[in-house]
Each structure stands twice: as structure tokens, then as C-alpha cells.
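Topology and contacts: notes
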Amino acid sequence: STLGASAAERGGRYFGAAIAANKLSDSTYVTILNREFNSVTAENEMKWDATEPSRGSFNYTNGDRIANHAIGRGMKIRGHALLWHSQQPGWAQSLSGSTLRSAALNHVTQVATHYRGKIHSWDVVNEAFADGSGGGRRDSNLQRTGNDWIEAAFRAARAADPAAKLCYNDYNTDGINAKSTGIYNMVADFKARGVPIDCVGFQSHLSNSVPGDYQANLQRFANLGVDVQITELDISGSNQASVYASVVRSCLAVARCTGITVWGIRDSDSWRTGQNPLLFDSGGNKKAAYTSVLNALNEG
Ligand code: G3I
């Protein structure tokens, strides 16, 4: 079997990969992509700096290359990411206050409208919570426009593409900790007040272990009435194969865990240079971690 086919047999889940438009001419890369995965995320091409390099002037060339590759092959698309404190175009970095707020919401509206009907799930807001023990928001130019910027973004995204599932996405949220609890409280508040949110993404950039309460953490979010997704999985270290299997089993054990995305295809494609955190080696060969994931998908 393949990752995508096996995930699909487990309650219609997807198994995806982050991909780069400039690698779609690499035949080894594309062969693996088309064989194994039934969902894609643009690693960089749908971000703010890529899609709106100057204010009000949009460039979808590379994002569309990825979207068209996926649509032509029946793959789902995770849209990543409408608003993020990082990878903002220079013009946005220098804005603040109501000017930034309206530019940001216009960005959400324009990009979500361009891709309307094509996106399975959008990361509407990425990485807006702070690390550490406070459980609060990260300071950023977006946060300084007012604490309601996140809900404003979700409302704009819903209006632009009513069919897309709208996700909040973050890292270091893999176990039950102050950061994940801060996000949990925000999601509970959004659900109570009718702010449109459908899913929470757990990036899951892991180093040789997974928190013992990983599944419990996914489940507590699911119990709020949102889907959960593993959105940027990569795992370094000597326990890699068994940690990958644990993550897959945790997702399968949570009914609302609808899919898993690995953050790249081959080790040589990873942002974690030298850590070899993916399922295929740099030559495109299946690693022990690949077999471990496939076996976990085929259990039960
Ligand atoms: O494309 C330009 C190239 O033209 C230029 O010459 C070169 C010089 O630095 O930079 C290239 O852009 C790089 C881009 O990746 C494409 O390769 C950026 O510098 C580099 O910063 C960017 O890194 C990306 C990173 O996000 C940016 O924060 C990684 O590829 C991408 O994997 C990573 O992904 C993030 C998720 O979006 C959010 N969660 C964490 C995850 C890992 O950091």
C-alpha cells in the first residue's frame, strides 16, 4: 500500500506532505509525491511574502503550480498560512495599527477568495501564541493591532471561502502545557461565541520523543467540537521510527484527527538541515520510519 491509500482506509483520513513548487521538476521527488501522498501543503508559496509582495499586488504563480498539481491528481490542499508574524512582506512589517489591520484582513480575503473551493483546510492564523509558561499571545505587529485580530481573520476567511475548514496552527503544542492550554481556551471561547473555527493544527516538530499526553491533548481539543490535524510532522533522533508510529497511532485513536502531514518528502528537502527527520532518505528510498508509519496506518 501507500501512505495516502492506507490513511484513506482509516476513516477517510489523508496523509500529506509539504512541497515546494521549484521541486516539481525533480522526477524522483514527484514520483514519491504522486505515489504516496493524497494531500499537499505549500511549504512557502502561499505565505504573505510570496502572495502579496507589494501591497495590493498579488502573485499566485507558485501557489497555483502547487494547487494545480494537487487538483489534477485528486489530492487535498492544506492552505498555509494566511496570517503569521513571520514571513511577512517588508511593506507589512513596517505597518501598524488600523492600517496593518485592514491590510491583513484584505490579505486574508484576497488569498482565500483566489483559492475559494480548492482548499480542504486553511491555516488562517499561524503561531500566534507565546512559548513558555504564560499561556498568552506572542507579541507581534499583528497582536498589537488588538487581541481580536485572530477572530477577525477567521471571520474574513469564512466569508471568502465558506467551504474551507478554518484552522489555527502552532508548534510546541504537542502535549498539555501552558501554550496548548492558552490555545485551548481561545478555541473554547471561539466556539462559545460563534467565531468560525473548524480545526486546530499541531505542527509536531519533534526530537526523538513525543509527550506522553499527546493523544490526550488532541482529544481535549476534539472534545471542543473541532477537527485536529497533525500539520508539519518531522522527527529527529535514533527513536525516529517508533516515535513516528506513536504519533500515527495517536491520530488514529482520535476520531476527529482527520489527517497527518509530514513537513517535506526526503531528508534533503527538510528545513532541519542535517537532522534527517523525514520518511525518505536523500536518495528517495523508504526509511525504517516509512515502514513504521505504514504499518501503524495498517494496524487495527
Ligand atoms: O526563496 C528564497 C531565495 O530566493 C533566496 O535566495 C534565499 C536566501 O535566503 O531564501 C529563499 O527563501 C527561503 C525559503 O525558505 C525558501 O527556501 C527563506 O530564506 C527561508 O527563511 C524559508 O524558510 C522556511 C521557513 O518556514 C521560514 O520561516 C522553510 O522553508 C519552511 O520549511 C518553514 O516552515 C515553517 C512553517 O511555515 C511554520 N512552522 C514552522 C516551519 C519550520 O520553520
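Looking up the chain in an unreviewed UniProt entry gives the name Beta-xylanase, with the organism given as Acrocarpospora phusangensis. Here is the UniProt Sequence similarities (unreviewed entry) comment for the chain, exactly as written: "Belongs to the glycosyl hydrolase 10 (cellulase F) family." Looking at the chain in UniProt, the text filed under Catalytic activity (unreviewed entry) is "Endohydrolysis of (1->4)-beta-D-xylosidic linkages in xylans."

Here we take up the site of the ligand. Surveying the vicinity of the ligand reveals 13 residues, the closest of which are Glu43, Lys47, His80, Glu127 and Glu232. Between the ligand and the protein, one listed contact pairs an oxygen atom with a side-chain N or O atom of glutamine 87 at 3.3 Å. At 2.9 Å, a side-chain N or O of tryptophan 263 approaches an oxygen atom of the ligand. Coverage of the ligand by the protein amounts to 45% of the 780 Å² it exposes when considered alone. Its residues assigned to classes, the shell around the ligand shows three nonpolar, six polar and four charged.

Of note, the amide linkage connecting histidine 80 to alanine 81 takes the cis form, showing an omega dihedral of -10°. Note on placement: alanine 81 falls in strand β3 (residues 76-84). Within the chain, asparagine 172 stands out as a residue other than glycine whose phi angle is a positive 55°. Residue asparagine 172 is classed as partly exposed on the basis of its relative accessible area of 41%. Despite not being glycine, asparagine 208 shows a phi value in the positive range, around 70°. Following the sequence through the fold, asparagine 208 ends up in the loop between β7 (205-207) and α9 (214-222).

What follows is about helix α11 (residues 288-298). Among the residues of α11, Ala289, Tyr290, Ser292, Val293, Leu294, Ala296 and Leu297 are the ones counted as buried. Where the residues of α11 are buried, they touch α1 (3-9), β1 (14-19), α2 (27-36) and α10 (240-253). Following α11 by one or two positions, glycine 300 has its phi on the positive side, about 75°.

Attention now goes to the pairing of β1. Judged by how many residues are buried, β1 sits mostly within the fold: six of six residues are covered. Alternating positions in β1 separate into two faces, Tyr14, Gly16 and Ala18 on one and Phe15, Ala17 and Ile19 on the other, with burial throughout. As paired elements, β1 and strand β9 (residues 257-262) share four bridges and run parallel to each other. Paired with alanine 17 across the bridge in β9 is valine 262. As judged from the four bridges shared by β1 and strand β2 (residues 39-42), these two strands associate in the parallel manner. What sits directly across from isoleucine 19, in β2, is alanine 42.

Calculation rules
- Residues numbered from 1 in each chain as written.
- Predicted model: local features only at pLDDT ≥ 70, side-chain atom pairs only at ≥ 80, totals over all residues.
- Heavy atoms only, no water.
- UniProt positions renumbered as here; feature names shortened; annotations may be inferred.
- Near = heavy atom within 4 Å.
- Polar contact = N/O pair within 3.5 Å; in protein donor to acceptor, adjacent residues only side chain to side chain.
- Areas by Shrake-Rupley, 256 points an atom, 1.4 Å probe, with all protein chains shown as cover.
- Nonpolar A, V, L, I, M, F, W, Y, C, P; charged D, E, K, R; others polar.
- Helix = DSSP H or I, 4+ residues; strand = E, 2+ residues; numbered from the N terminus.
- Buried < 20%, exposed > 50% of the residue type's maximum accessible area, 1.4 Å probe, protein only.
- Contact = heavy atoms within 4.5 Å.
- Pairing = 2+ DSSP bridges.

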